[in-house]
Amino acid sequence: MSENAANNNNIIMEKNQICKDAIVSELQKKKVHLFYCLECEELARNIAAESDHITLQSINWRSFADGFPNLFINNAHEIRGQHVAFLASFSSPAVIFEQISVIYLLPRLFVASFTLVLPFFPTGSFERMEEEGDVATAFTMARIVSNIPISRGGPTSVVIYDIHALQERFYFADQVLPLFETGIPLLTKRLQQLSDTENIIVAFPDDGAWKRFHKLLDHYPTVVCTKVREGDKRIVRLKEGNPSGCHVVIVDDLVQSGGTLIECQKVLAAHGAAKVSAYVTHGVFPNSSWERFTHKNNGLEEAFAYFWITDSCPQTVKAIGNKAPFEVLSLAGSIADALQI
């Protein structure tokens, strides 16, 4: 056999082995039956579209005349011995009870394993007690989640994205296995698509955001802001870094009213930033506070070039639609991957 023929034969064998490995990898993937709350239907469908190994299941979400939930899990017999997941959204106290009722039952239906996907852990920013009498509701929520029954396959896996404080992992009991994921890879992928990607600087609105995310974004130059007290007010100041002439992207885990982001933008612009954008994993925006960022709002037309959020808060995504400067970076692919862990 000639040398060229041998090389070609080796190449063919390598390609065949790659194909075989890919087939084996696909066959080894577990088939997951995904249930979801009503708020998360669109995200659930997007997750299922990411993988042939994910099948959507349904629940009848009804209420009795007195307002208490009247629920029914469809195909309860068919999911015995199967891997099951539930996609939750604890967007308000009013919807938590009905979802917890389902979440507590699913592992008891003789399923092979159970995973709770809770993209946004809603009480995460209420994790501290500053004086006697304060209630750390983050701990309360973690205890509720920790009491999910064990399935035949063992403890429940709980998938959460960008929890507000990493120490909150220790709020969960040993009965569950928290898996903490991040939406930052979605941001970095989007930044690489921008025409000015070489001119981007990442800004953190405070030391907490820097501690939370700087290691995930250490390939970008950084700017750090800080809040200082002046009289009865807390003022945002530039602590370190130089934003002059750059496209500055403010990064944080969540936004509520958006006041800190707006003040941070003003400080960055005053120090010469050519353009300012923002990213948060969780766009909470109570009382439609997102409206103050839309380009039609007088005074903020030029403030934010882009405002990226994920679909961890479905009601916000529905309300915002395609209104500039907002863009939604979907967690669907990341969640689909997490369900295979």
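Worth saying up front: this structure is predicted, and the values here are computed from it rather than measured.

Quick look at the confidence of the model for the protein
Of all residues in the protein, 90% have pLDDT values of 70 or greater, and the mean over the chain is 91. The low-confidence segment residues 19-25, where pLDDT is below 50, has 0 contacts with residues more than four positions distant or belonging to other chains.

Some details on the layout of surface pockets
Taken as a whole, the largest pocket holds about 890 Å³ of empty space. In terms of lining, the largest pocket is formed by 29 residues, of which the most central are His164, Asp206, Gly208, Asp252 and Asp253. Mapped onto the lining of the largest pocket, the elements with two or more residues apiece are α6 (207-213), β10 (222-230), β12 (247-255) and α7 (259-270). The element contributing the most residues to the lining of the largest pocket is α6, with 6 residues. Quantified by volume, the second largest pocket comes out at close to 440 Å³. Taken together, 25 residues line the second largest pocket, and the ones lying closest to its centre are Phe90, Ser91, Ser92, Phe120 and Val284. Those elements giving two or more residues to the lining of the second largest pocket turn out to be α3 (93-105) and α8 (314-320). A total of 4 residues in the lining of the second largest pocket trace back to one element, the largest contributor, which is α8. Of the residues belonging to the lining of the second largest pocket, the class tally is 14 nonpolar, 10 polar and 1 charged.

Considerations on a nonpolar patch on the surface
A cluster of nonpolar residues, Phe64, Phe68 and Phe97, forms a patch on the protein surface that exposes about 350 Å² of accessible area. Following the sequence through the fold, Phe64 ends up in the loop between β3 (59-63) and β4 (69-73).

Things to note about helix α4 (residues 137-146)
Among the residues of α4, those classed as buried are Ala138, Met141, Ala142, Val145 and Ser146. In an axial view of α4, the angular spread of the buried residues amounts to 140°, which keeps them on one side of the axis. Those residues of α4 hidden inside the fold are in contact with α3, β6 (113-117), β7 (156-161) and β8 (176-181).

Regarding the sheet that holds β8
If you walk across this open sheet you meet the 6 strands as β2-β1-β5-β6-β7-β8, and the pairing is parallel. A strand with exactly one partner marks an edge of an open sheet, and here the two such strands are β2 (54-56) and β8. Across the sheet, the axes of successive neighbouring strands diverge by a mean angle of 25°, strand direction being ignored. The pairing of β7 with β8 spans 6 bridges and is parallel. Bridge pairing in β8 links Val158 to Pro178.

Considerations on the state of the cysteines
Applying the stated criterion across every chain yields a total of 0 disulfides. Sulfur of Cys40: no disulfide; nearest cysteine sulfur belongs to Cys37 and is 3.6 Å away. The exposure class assigned to Cys40 is buried, which follows from its relative accessible area of 2%. We note that Cys313 lacks a disulfide partner, and the nearest cysteine sulfur, in Cys40, lies 9.5 Å from it.

So, a negative patch on the surface
On the surface, Glu130, Glu131, Glu132 and Asp134 cluster together to form a negatively charged patch. Inspection of the secondary structure assignment puts Asp134 in the loop between β6 and α4.

Here is what the cut-offs are and how they apply
- Residues numbered from 1 in each chain as written.
- Predicted model: local features only at pLDDT ≥ 70, side-chain atom pairs only at ≥ 80, totals over all residues.
- Heavy atoms only, no water.
- pLDDT = per-residue confidence, 0-100.
- Contact = heavy atoms within 4.5 Å.
- 1 Å grid on protein atoms, 1.4 Å probe; cavity = no way out; pocket = protein on both sides within 12 Å on 5 of 7 lines; lining within 4 Å.
- Points joined across faces, edges and corners; volume = space filled by probe spheres on them.
- Helix = DSSP H or I, 4+ residues; strand = E, 2+ residues; numbered from the N terminus.
- Nonpolar A, V, L, I, M, F, W, Y, C, P; charged D, E, K, R; others polar.
- Patch = residues over 30% accessible without salt bridge, like charges linked within 9 Å, V, L, I, M, F, W, Y side chains within 5 Å.
- Areas by Shrake-Rupley, 256 points an atom, 1.4 Å probe, with all protein chains shown as cover.
- Salt bridge = Lys/Arg side-chain N within 4 Å of Asp/Glu carboxyl O.
- Buried < 20%, exposed > 50% of the residue type's maximum accessible area, 1.4 Å probe, protein only.
- Arc of directions from axis to C-beta.
- Pairing = 2+ DSSP bridges.
- Axes fitted to C-alpha atoms, helices over the stretch in contact; angles between N-to-C directions.
- Disulfide = S-S within 2.5 Å.
- Lys, Arg positive; Asp, Glu negative; His and termini not counted.
- Charge placed at Lys NZ, Arg CZ, Asp CG, Glu CD.

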